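# Coordinates in review
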Amino acid sequence: MKSSIIDSIKSLPPLSTTIMEINRIYADENSTIKDMAKAIEHDPMIIANILKIANSPLYGFGREIKNAAQAVSLFGMNMTRSIAIGNSIKKLLNVDMQPYCITSEEFAKISSLQAALMFGWYKKVDRRKAEDLYLAAFLQETGKILIASEVIQNDETISFASEIENSNNIAMVEKAYSNATCGEVTALVFKHWGFDSNFIDMIKYSDNPAEAPDSVREYSTALNIVKTVVPVNKPFSDMAINFGLKKAADAGYDTALLEDAISHITDKSEE
């Protein structure tokens, strides 16, 4: 990894006091849904993002969610924490995704689609693991923000974008320009912010699951499959879906579960 990217990570600001409080409540076995709702009520931006996602057709709650307490009750503490952390972290970073040929809004949407696909798929595989993977899927592309910044600073936007536009292996292009894949950069970001080692490792190896430690290989494989189906350059294209299903089959998954989740997300996203 280039030293300039490492320096950028070291200079990242700390997480907000609201996020620190959310993490404290989540780690406390005696905390309640009410405690979590009270913590996020002090941050209008977090509430706005949670309500936006709760009322998205991707989750299909079937009724309008009007306040934090309702949203936390429906999502549960794990997913509420994931949404709050995910959106807050994206706000901490300056987002210029021009090298990836997408806008910051499109980047945010792709992150949300990856998370929604992961949850829709993995809740049928293992509900507990689905909740752990939701946050990782939502944040696994965070490193692209820093890679994009590095590319822009080095005046390599045109050449990088040209390679990204038609690539079926984005990680390889990232490695060529920054000496690191997005997963490796993202892992270092969350190490800087003090996240637990399993969360860091599952993202670190998401571009190369075969190299992952046994303890996180399943998680890294699932993340890799989701980012294959929903890559930033051509999300849900026929080619991307076929590649993702092939990876799922090779990993021993029931591909019908993944296909159902893909169909649901694509139908709802069109709405």
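Each remark here, short or long, concerns the structure printed above.
Residues numbered from 1 in each chain as written. Predicted model: local features only at pLDDT ≥ 70, side-chain atom pairs only at ≥ 80, totals over all residues. Heavy atoms only, no water.

## Some details on the nonpolar core
Counting residues in each nonpolar core, the largest one holds 93 residues, and the members touching the most others are Tyr 100, Leu 117, Trp 121 and Phe 195. Filtering out sequence-adjacent residues up to four positions away, Phe 195 remains in contact with Leu 15, Ile 85, Ile 89, Leu 135, Phe 190 and Ile 200. (Core = buried A, V, L, I, M, F, W, Y, C linked by side-chain atoms within 4.5 Å. Buried < 20%, exposed > 50% of the residue type's maximum accessible area, 1.4 Å probe, protein only. Contact = heavy atoms within 4.5 Å.)

## Overview of the state of the cysteines
Two cysteines whose sulfur atoms are joined by a covalent bond form what is called a disulfide. One pass over the structure, following the stated rule, counts zero disulfides. Between Cys 101, a cysteine without a disulfide, and Cys 182, which holds the nearest cysteine sulfur, the sulfur-to-sulfur distance is 15 Å. In this structure Cys 101 comes out as partly exposed when scored by relative accessible area, which is 42%. (Disulfide = S-S within 2.5 Å.)

## Considering unusual backbone geometry
Note: most peptide bonds trans; most residues except glycine with negative phi. Despite not being glycine, Asp 155 shows a phi value in the positive range, around 55 degrees. Assessed through its relative accessible area of 71%, Asp 155 is described here as exposed.

## Quick look at the packing of helix H6 (residues 104-122) against helix H13 (residues 217-229)
Where H6 contacts H13, the axes come no closer than 10 Å and their chain directions differ by 125 degrees. In terms of their interaxial angle, H6 and H13 are classed as oblique. Between H6 and H13 the crossing geometry is right-handed. Residues Gln 114, Leu 117, Met 118, Trp 121 and Tyr 122 of H6 form the contact with H13, whose participating residues are Glu 218, Ala 222, Leu 223, Ile 225, Val 226, Lys 227 and Val 229. Considered class by class, the residues forming the contact of H6 with H13 number nine nonpolar, one polar and two charged. (Axes fitted to C-alpha atoms, helices over the stretch in contact; angles between N-to-C directions. Helix = DSSP H or I, 4+ residues; strand = E, 2+ residues; numbered from the N terminus. Parallel < 35°, antiparallel > 145°, perpendicular 65-115°, else oblique. Left-handed = near helix turned anticlockwise from the far one by under 90°. Nonpolar A, V, L, I, M, F, W, Y, C, P; charged D, E, K, R; others polar.)

## Some thoughts on the layout of surface pockets
Quantified by volume, the largest pocket comes out at close to 660 Å³. Looking at the largest pocket, it is lined by 24 residues, and the ones nearest its centre are Lys 52, Asn 87, Ala 108, Lys 109 and Ser 112. For the lining of the largest pocket, the secondary-structure elements that each account for two or more residues are helix H4 (44-54), helix H5 (68-92), H6, helix H7 (127-139) and helix H15 (255-270). Tallied by class, residues from the lining of the largest pocket come to 11 nonpolar, six polar and seven charged. The space that makes up the second largest pocket amounts to roughly 360 Å³. (1 Å grid on protein atoms, 1.4 Å probe; cavity = no way out; pocket = protein on both sides within 12 Å on 5 of 7 lines; lining within 4 Å. Points joined across faces, edges and corners; volume = space filled by probe spheres on them.)

## Topic: the side chain of Glu 174
With respect to the helices and strands, the residue Glu 174 is situated in helix H10 (residues 170-178). In terms of polar contacts, Glu 174 uses its side chain to reach the side chain of Lys 144, at 2.9 Å. Sequence-distant contacts of Glu 174, that is, excluding residues within four places in its chain, are made with Tyr 100, Lys 144, Ile 147, Phe 160, Asn 179, Ala 180, Thr 181 and Cys 182. (Polar contact = N/O pair within 3.5 Å; in protein donor to acceptor, adjacent residues only side chain to side chain.)

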